[in-house]
Amino acid sequence: MAIHSLLSERRANVQVKVDGVAASIASVIALSGRSLEMPANALLMIHDPSGSAAGTADDFRKYAEALDVHRDAILAVYKKKTGMTEEELRRMMKEETWMTGQDAKDKKFADTITEQISLQARFDFS
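The model shown is predicted, which means the values in this text are computed figures rather than measured ones.

## Overview of the pairing of strand S3 (residues 35-39)
It is a general feature of regular strands that their side chains alternate between the two faces of the sheet.
Point 1. Bridge count between strand S1 (residues 15-17) and S3: three bridges; the pairing is parallel. Residue pairing across strands places valine 16 opposite leucine 36, the latter belonging to S3.

## A few points about the environment of tryptophan 98
Point 1. Looking at where tryptophan 98 falls in the secondary structure, it is placed in strand S5 (residues 97-100).
Point 2. By relative accessible area, tryptophan 98 is classed as partly exposed at 43%.
Point 3. When residues no more than four places from it in sequence are discounted, the contact partners of tryptophan 98 are Val21, Ala23, Leu43, Leu44, Met45 and Asp103.

## Thoughts on the sheet that holds strand S4 (residues 43-46)
Point 1. Taken in spatial order, the three strands make up an open sheet running S2-S4-S5, and their pairing is mixed. With partners counted over all chains shown, the strands left at the sheet margins are strand S2 (21-23) and S5, one partner each. The average angle at which neighbouring strand axes cross in this sheet is 15 degrees, direction not considered.
Point 2. As paired elements, S2 and S4 share three bridges and run parallel to each other. When the bridges of S4 are listed, valine 21 appears paired with leucine 43.

Calculation notes
- In this numbering scheme, every chain counts its residues from 1 along its sequence in written order.
- Given that the model is predicted, a residue must reach a pLDDT of at least 70 before its local features are reported, and side-chain atom pairs must reach 80 or more before they are shown or counted; all residues, however, enter totals for whole chains, interfaces and linings.
- Note: side-chain values were computed over all heavy atoms of the structure, leaving out hydrogens and water.
- Here, strands pair whenever DSSP counts at least two bridges between them.
- Helical segments are the DSSP runs of H or I of at least four residues, strand segments are the runs of E of at least two, and each set is numbered from the N terminus.
- The cut-offs for exposure are 20% and 50% of the maximum accessible area for each residue type, with area from a 1.4 Å probe on protein chains only; residues under the lower value are buried, those over the upper are exposed, and the others partly exposed.
- For this analysis, residues touch if any pair of their heavy atoms sits within 4.5 Å.
- Throughout, an axis means a line fitted to C-alpha atoms (over the contacting stretch in the case of helices), and angles, computed between N-to-C directions, take values from 0 to 180 degrees.

Below is the structure:
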């Protein structure tokens, strides 16, 4: 969230491009710029925050409440970008939603879709 906040402050100068996968908190960072560009075959994934806890029943309740606060902060970023309803975004997050570049554009997470990219690895063993 701190990375998103810092980049958002410079929004006018930040254009984001997802070449491969922006999953989990990287999806929030991807929305920090003025625009988001994705190739058609890139992926964006959103989900509810998760983690682990140890302790008493009260500790677990506090942890669950903290996860809800994190979820709501992330949801606010998605809502601001897409204009989608809280209910729809909560459903998508709960289900762990994967989107291609075109899916992300259709749902207004992404602004521009480019041609699919293919990457090639080259190794020089000399």
